[in-house]
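Overview (structure and organization)
This is what each chain is made of:
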Amino acid sequence: MEIDLGANAFGIDFHPSKKLVAAGLIDGQLHLYRYDTESSLVRERKVRAHKESCRAVRFIDDGQRIVTASADCSILATDVETGASVARLENAHEDAVNTLITVTETTIASGDDKGCVKIWDTRQRSCSHEFNVHEDYISDMTFASDSMKLVATSGDGTLSVCNLRTSKVQAQSEFSEDELLSVVIMKNGRKAICGTQNGILMLYSWGFFKDCSDRFVDLSPNSVDVLLKLDEDRLITGCDNGIISLVGILPNRIIQPIGSHEFPIEDLALSHDNKFLGSTAHDSMLKLWDLEEIIEGSNGNASGAAEDSDSDNDGMDLDNDPKPSKGSKRKTKSKANPVDNRAFFADM
């Protein structure tokens, strides 16, 4: 099923329990749609959320609110039932906010175009951590809940690991020749997979972040703009050629195509029951793909995958020096900064 949003959507997210999907548009609007199994998408609500483009969307508080981040540097919380603005932080970042993820039930993380990552406590409505480790925009983030570490990728070509327990940057990779655009954690926390501008998937072993341990080149030269974890052995890729693919990791292979848009893929998301895959692209279309129907019979194809040689040490946190080597192209401010107590989600 699909629907024309009327403008390009930068971010989408599914409700954690209901058949609702939210989309943030380039014109700053937030759209909320209800979907069913009868191949229909019905718009429930349209909200003028931001002055500039809405780049990221996430449901929080068990789906009671939607948090959006914008190029206008603001973060907004919107009530799902009423569409009313619950709270707004006008100057959440000094630059455009590019990405937003849920960290815990009461914590979210945001990353901006200058490379700054901030952690927000939604209960205290304040910024609890700030990391200025990157020199270019934050392209994607993911979270390892067992170790309380945030993994971020950047347009500066590096991956960073920030420890939320110690408020320190634990590790940073060497500079890649290409921008790192997307990241997921797989193999039960032993691998971090990054998508790049030249289409190569770079596999990092946990605890060995200086350089990747493996590369998968079959998607090249198409830029891997979006990665979405399906399970511990398979992920879904969205590329700038508009193709959405199911990819196996270790062994590395393209399992099958899932669908396509006419233009580059912007975002991917899974419904709460993993039945539907949502996709948006530069063609203003929101598409929902029935994953159960498309990949039926592919379950278990990745079983028996061989692990790489350093897998025995993957659980170790060995990168003690977070800075890239002196031979790297750039230098970074690899530190966690003290954070002020500006209110987050101040009551409207």
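The rules we used
- Residues numbered from 1 in each chain as written.
- Predicted model: local features only at pLDDT ≥ 70, side-chain atom pairs only at ≥ 80, totals over all residues.
- Heavy atoms only, no water.
- Helix = DSSP H or I, 4+ residues; strand = E, 2+ residues; numbered from the N terminus.
- Buried < 20%, exposed > 50% of the residue type's maximum accessible area, 1.4 Å probe, protein only.
- Areas by Shrake-Rupley, 256 points an atom, 1.4 Å probe, with all protein chains shown as cover.
- UniProt positions renumbered as here; feature names shortened; annotations may be inferred.
- Phe/Tyr/Trp six-rings, centres within 6.5 Å; stacked < 30°, edge-to-face > 60°.
- Lys NZ or Arg CZ within 6 Å of the ring centre and 35° of its normal.
- Disulfide = S-S within 2.5 Å.
- pLDDT = per-residue confidence, 0-100.
- Contact = heavy atoms within 4.5 Å.
- Pairing = 2+ DSSP bridges.
- Axes fitted to C-alpha atoms, helices over the stretch in contact; angles between N-to-C directions.

Another point: the overall build of the protein. Of regular secondary structure, the protein possesses one helix and 29 strands. Put simply, the protein has 348 residues, and 58% of those count as buried. When the accessible surface of the protein is totalled, it reaches about 14,300 Å², and 43% of it is carbon and sulfur.

A few words on the UniProt feature "repeat: WD" (unreviewed entry) in the protein. Here the UniProt feature "repeat: WD" (unreviewed entry) sits at residues 90-130 and 258-292. Counted over residues 258-292, helix gives 6% and strand 60%. Its end C-alpha atoms are 11 Å apart.

We now examine the environment of Glu177. Mapped onto the secondary structure, Glu177 falls in the loop between β17 (168-172) and β18 (180-186). The spacing of Glu177 and Asp156 is 21 residues in sequence and 9.0 Å in space, taken between C-alpha atoms.

Under the defined criterion, the tally for this structure stands at three aromatic pairs. Residues Trp206 and Phe209 carry aromatic rings whose centres are separated by 5.0 Å and whose planes lie at 80 degrees to one another, so their mutual orientation is edge-to-face. No difference in accessibility class separates Trp206 from Phe209, as the two residues are buried. The cationic tip of Lys275 hangs over the ring face of Phe276; the distance from NZ or CZ to the ring centre is 5.4 Å.

This part takes up the state of the cysteines. Scanning all chains against the criterion turns up zero disulfides. Summary of cysteine pairing: Cys116 is not part of a disulfide, and the nearest cysteine sulfur, belonging to Cys127, is at 7.5 Å. The cysteine Cys194 is free of any disulfide, with Cys212 supplying the nearest cysteine sulfur at 8.9 Å.

Time to look at the confidence of the model for the protein. Model confidence for the protein is summarised by a mean pLDDT of 88, while 84% of its residues fall at 70 or above. In this model, residues 325-348 is a region of pLDDT below 50 whose contacts with residues beyond four sequence positions or in other chains number 72 contacts.

Moving on, we come to the sheet that holds β18. Read from one edge to the other, the open sheet built from four strands follows the order β18-β19-β20-β21, with strand pairing classed as antiparallel. Two strands in the sheet have a free side with no partner beyond their single neighbour: β18 and β21 (214-216). Put simply, the sheet's adjacent strands are angled 25 degrees from each other on average, direction ignored. As paired elements, β18 and strand β19 (residues 191-196) share six bridges and run antiparallel to each other. Within the sheet, the bridge partner assigned to Met186 lies in β19 and is Lys191.

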